[in-house]
Amino acid sequence: MLKTTNLTYQYSKQERKLFSDINLEFNSGKVYAIIGRSGAGKTTFLSLLAGLDSPTAGKIEYQGKDLKKIGLSNYRRNDTSMVFQAYNLFDYMTAVENILTALDLTSSSHRGNRAFVLELLKKIGIDEQLANKKIGLLSGGQQQRVAIARAMACDAKLILADEPTGNLDEQNTQEVVKLLLELAHKEQRCVIIVTHENDVAERCDVQIELRKGKLNVIEGPNMVLKI
Ligand SMILES: Nc1ncnc2c1ncn2[C@@H]1O[C@H](COP(=O)(O)OP(=O)(O)OP(=O)(O)O)[C@@H](O)[C@H]1O
């Protein structure tokens, strides 16, 4: 679904290359965890996959088409959905309004469908009363679930999340990971997350470790492929 070829990035000519010649494929139906030390370049790597920035060299293809050809803003709008650690929800809107607003920006068949949004929120444990509260009145875990529901509501096949459990307690972390796994396994989406939490990474289908500008792929228990 998403493929990188010789992907290389450096912030500027004066800086060292953060990573180089990364060749990877991401497929639907799986959750990928990008792991590595602080400063290894995880967020930068994710932002390239999300079409927020362009590679210094190499390319990224989505369903066989270069992101440059698709156009980064088209790609972001139609094919991806991002879940940020800081949720990126509008405080002055309710949970339902946040998702309806996000849907308005897409070509989803669910645009304007309040009942659909309420049903989706209910599915992930946000009842109608909570769904109609202003976002600022919800807990961190509830807000993160709303952010995930927003990604679920949009039809994007690719869901990218930067530290989606970064500031959640153990129970909420488990629930959010379960939701992300369901998105991949039940809805055949491709989910790519950055995480520094080992127990979260271990529950994902594939772990990708970014280290010294190269990647190690760990698929399944104890299987390490060096590329
Ligand atoms: N806009 C920028 N300009 C120059 N250098 C940057 C910029 N953003 C990040 N960097 C540097 O690039 C390196 C990788 O940053 P990045 O945020 O991708 O790492 P990370 O692995 O996600 O780290 P963390 O786990 O701490 O969030 C760091 O050394 C960082 O200082």
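Our structure's up above, just so we're on the same page.
Quantities reported herein were computed from a predicted structural model and do not represent experimental measurements.

What counts as what
- Counting restarts for each chain: residues are numbered from 1 in the order of the written sequence.
- Local features are withheld for residues below a pLDDT of 70 in this predicted model, meaning they are given only at 70 or higher, and side-chain atom pairs are given and counted only at 80 or more; totals for whole chains, interfaces and linings count all residues.
- Computation of side-chain values covers all heavy atoms of the structure but excludes hydrogens and water.
- Here a strand pair is declared whenever DSSP counts at least two bridges between the two strands.
- Only DSSP runs of H or I covering at least 4 residues are called helices, and only runs of E covering at least 2 are called strands; the numbering of each starts at the N terminus.
- Note on contacts: a residue pair is in contact if any heavy atoms of the two residues lie within 4.5 Å.
- Axis definition: a line fitted to C-alpha atoms, over the contacting stretch in the case of helices. Angles run 0 to 180 degrees between N-to-C directions.
- Roughly parallel means an angle under 35 degrees; roughly antiparallel, over 145; roughly perpendicular, 65 to 115; everything else is oblique.
- Note on convention: near helix rotated counterclockwise from far helix by under a right angle means a left-handed crossing. Clockwise means right-handed.
- For this scheme, ten residues count as nonpolar: Ala, Val, Leu, Ile, Met, Phe, Trp, Tyr, Cys and Pro. Four count as charged, namely Asp, Glu, Lys and Arg, and the remainder, Gly too, count as polar.
- For this purpose, a residue is taken to be near a molecule or strand whenever a single non-hydrogen atom of the residue falls within 4 Å of it.
- Distance and chemistry together define a polar contact, namely a pair of N or O atoms within 3.5 Å, with one atom able to donate a hydrogen and the other to accept it when in protein, and with adjacent residues in sequence counting only for side-chain atoms on both sides.
- Each accessible area is a Shrake-Rupley result for a 1.4 Å probe, and residues are judged covered by the shown protein chains and nothing else.
- Definition used for salt bridges: Asp or Glu carboxyl oxygen within 4 Å of a side-chain nitrogen of Lys or Arg.
- Whether a residue is buried, partly exposed or exposed follows from its accessible area with a 1.4 Å probe, protein chains only, as a fraction of its type maximum: under 20%, in between, or over 50%, in that order.
- Definition used in this section: a nonpolar core is a set of buried Ala, Val, Leu, Ile, Met, Phe, Trp, Tyr and Cys residues joined via side-chain atoms within 4.5 Å.

**Describing the sheet that holds strand S4 (residues 57-62)**
Across the sheet, which stays open at both edges, the four strands sit in the order S2-S1-S4-S5 with antiparallel pairing between neighbours. Bordering the open sheet on either side are strand S2 (19-26) and strand S5 (65-66), each of which pairs with just one other strand. Where helix H1 (residues 42-49) meets the sheet, it contacts strand S1 (2-9), S2 and S4, and its direction lies at approximately 55 degrees from that of S2.

**Brief notes about the packing of helix H4 (residues 95-104) against helix H5 (residues 114-123)**
Contact geometry for H4 and H5: axes closest at 10 Å, N-to-C directions at 120 degrees. In this view, H4 runs oblique relative to H5, as classed from their interaxial angle. Along this stretch, H4 crosses H5, giving a crossing that reads as right-handed. Two secondary-structure elements touch here, H4 through Ala-95, Val-96, Ile-99, Leu-100 and Leu-103 and H5 through Arg-114, Val-117, Leu-118 and Leu-121. Partitioning the contact of H4 with H5 into residue classes produces eight nonpolar, no polar and one charged.

**Focus: the site of the ligand**
Around the ligand, a shell composed of Tyr-11, Leu-18, Arg-37, Ser-38, Gly-39, Ala-40, Gly-41, Lys-42, Thr-43 and Thr-44 is seen. Within the backbone of Gly-41, an N or O atom sits 2.9 Å from an oxygen atom of the ligand. Side-chain polar atom of Lys-42 to an oxygen atom of the ligand: 2.7 Å apart, as the coordinates give it. Across the complex, the protein chains shield 55% of the 640 Å² of accessible surface that the ligand would expose by itself.

**Some remarks on the pattern of salt bridges**
Applying the stated rule across the entire model yields six salt bridges. Lys-178 serves as the salt-bridge partner of Glu-182, at 3.9 Å between the closest nitrogen and oxygen. Residue Glu-182 and its partner Lys-178 are both found in helix H8 (residues 170-185); the two are separated by four residues, about one turn of the helix. Taking the relative accessible area as the measure of exposure, Glu-182 reaches 27% and is therefore partly exposed. Across the pair Glu-209 and Arg-211 runs a salt bridge whose closest N-O atoms are separated by 3.3 Å. Take Glu-209: its relative accessible area is 18%, and that puts it in the buried class. Residue class for Arg-211 comes out partly exposed when judged on its relative accessible area of 48%. A single network of salt bridges, built from pairs that share partners, joins Lys-178, Glu-182 and Lys-186.

**What about the environment of Val-191?**
Checked against the element boundaries, Val-191 lands in strand S8 (residues 190-194). Spatially, the C-alpha atoms of Val-191 and Ser-20 are 23 Å apart, while their sequence positions differ by 171 residues. In this structure Val-191 touches Lys-30, Val-31, Tyr-32, Ile-159, Leu-180, Leu-183 and Ala-184, once residues within four positions along its chain are discounted.

**Quick notes on the pairing of strand S9 (residues 206-211)**
If a strand is regular, its side chains alternate between the two faces of the sheet. Burial within S9 is extensive, with five of its six residues counted as buried. Strand direction decides the pairing type here: strand S3 (residues 31-35) and S9, joined by four bridges, are parallel. What sits directly across from Ile-34, in S9, is Ile-208. Between S9 and strand S10 (residues 214-219), which follow one another and run antiparallel, lie two residues, and Lys-212 among them has a positive phi close to 45 degrees.

**Quick word on the nonpolar core**
Ranked by size, the top nonpolar core spans 43 residues in total, and within it Ile-99, Leu-121, Val-146, Ile-148, Val-191 and Ile-193 carry the most contacts. Not counting residues up to four positions away in its chain, the partners in contact with Ile-193 are Tyr-32, Ala-33, Ile-34, Ala-161, Pro-164, Leu-180, Val-200 and Cys-204. In terms of nonpolar packing, the next biggest core, distinct from the first, is built from 33 residues, Leu-7, Tyr-75, Ile-192 and Val-217 among them.

Interpretation note: all reported values are geometric properties and have no functional meaning in isolation.
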